[in-house]
Amino acid sequence: TWSSSIGSESLAKDLDVDDTYFRESDAGFDRIWASLGAPSNGKLMQKILLSVDWVGQSIAEKVSSSAFIKAAIALEVLFTPEKGNFAPSIVFQITENVTLLLGEDEASRTRLEREFKRLYEIRSNIAHAGKTDIERADLVSIQEMARRVIFKLLTAPSIKDCATPDELSKVLKKLKYSCPAIT
């Protein structure tokens, strides 16, 4: 078991990692367990495992502003390009990828984009202005967003076999640009 608490007002609760929920392939846990025991993993899986670690640290963190930053880092780890790759705006890139992965249609992606930008502004205020009063709903929202992105990367048929961040980027770019022609 592992103890977890979210925010300073929460009581620690035991989490049974032997629970069948953590064995389900639908959420991608089977791939996480297999990767943890593997002698080596591809670059993308290494990023996914690091992101999982950051989400776990976020959930266990008692200081909500620190928990919020850790959840944001979980997403940054996944979508920040390797050194040497051009990235005009990390925030733009992360926003685009999160909304593409989690949204189901134009309306939901528009809502997700607005929500992620709002949450990322909170992250910036914590990191750059020292903000410490974080709403619990905002913390849970960014943690859940990070978790859902990880699960999508582990289970979505069109991307679950990507081995490198570049392969993932190519698949996501193809999806972004596969809209019909403007007439």
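Quick caveat, the model's predicted, so the values are computed rather than measured.

Engineer: For the nonpolar core, give the residues involved together with the corresponding values.
Structural biologist: Ranked by internal contacts, the top residues of the largest apolar core, which has 45 residues, are Ile-48, Phe-68, Phe-79, Val-98, Val-149, Leu-153 and Leu-168. Counting only elements with at least two residues in this core, the list comes to helix H1 (29-36), helix H2 (43-60), helix H3 (64-79), helix H4 (90-102), helix H5 (106-129), helix H6 (136-155) and helix H7 (165-176). In this view, Phe-79 contacts Gln-93, Ile-94, Asn-97, Val-98, Leu-101, Val-149, Leu-168 and Leu-172; residues no more than four positions away in its chain are not counted.

Engineer: So, the pattern of salt bridges: which residues are in play, and what are the values?
Structural biologist: Taken as a whole, this structure holds 7 salt bridges when the rule is applied. We note a salt bridge from Lys-117 to Glu-113, for which the minimum N-O separation is 3.3 Å. Remark: Glu-113 and Lys-117 occur in helix H5; sequence separation between them is 4 residues, near one turn of the helix. Judged by its relative accessible area of 42%, Lys-117 is partly exposed. The exposure class of Glu-113 is partly exposed, given its relative accessible area of 31%. Ionic pairing is found between Arg-118 and Glu-115, a salt bridge with its closest N-O pair at 3.0 Å. Of this pair, Arg-118 and Glu-115 both sit in helix H5, 3 residues apart, which is roughly one turn of that helix.

Engineer: Before we move on, can you summarise the packing of aromatic side chains with the specific residues and values?
Structural biologist: A complete count under the given rule lists 2 aromatic pairs for this structure. For the pair Phe-29 and Phe-151, a centre-to-centre distance of 5.3 Å together with 70° between the ring planes defines the contact as edge-to-face. One end of the pair, Phe-29, is in helix H1; the other, Phe-151, is in helix H6, with 122 residues separating them in the sequence. With centroids separated by 5.6 Å and ring planes inclined at 35°, the aromatic side chains of Phe-116 and Tyr-120 adopt a geometry described as tilted. Residue Phe-116 and its partner Tyr-120 are both found in helix H5; the two are separated by 4 residues, about one turn of the helix. With relative accessibility at 8%, the residue Tyr-120 sits in the buried group.

Calculation rules
- Residues numbered from 1 in each chain as written.
- Predicted model: local features only at pLDDT ≥ 70, side-chain atom pairs only at ≥ 80, totals over all residues.
- Heavy atoms only, no water.
- Core = buried A, V, L, I, M, F, W, Y, C linked by side-chain atoms within 4.5 Å.
- Buried < 20%, exposed > 50% of the residue type's maximum accessible area, 1.4 Å probe, protein only.
- Helix = DSSP H or I, 4+ residues; strand = E, 2+ residues; numbered from the N terminus.
- Contact = heavy atoms within 4.5 Å.
- Salt bridge = Lys/Arg side-chain N within 4 Å of Asp/Glu carboxyl O.
- Phe/Tyr/Trp six-rings, centres within 6.5 Å; stacked < 30°, edge-to-face > 60°.

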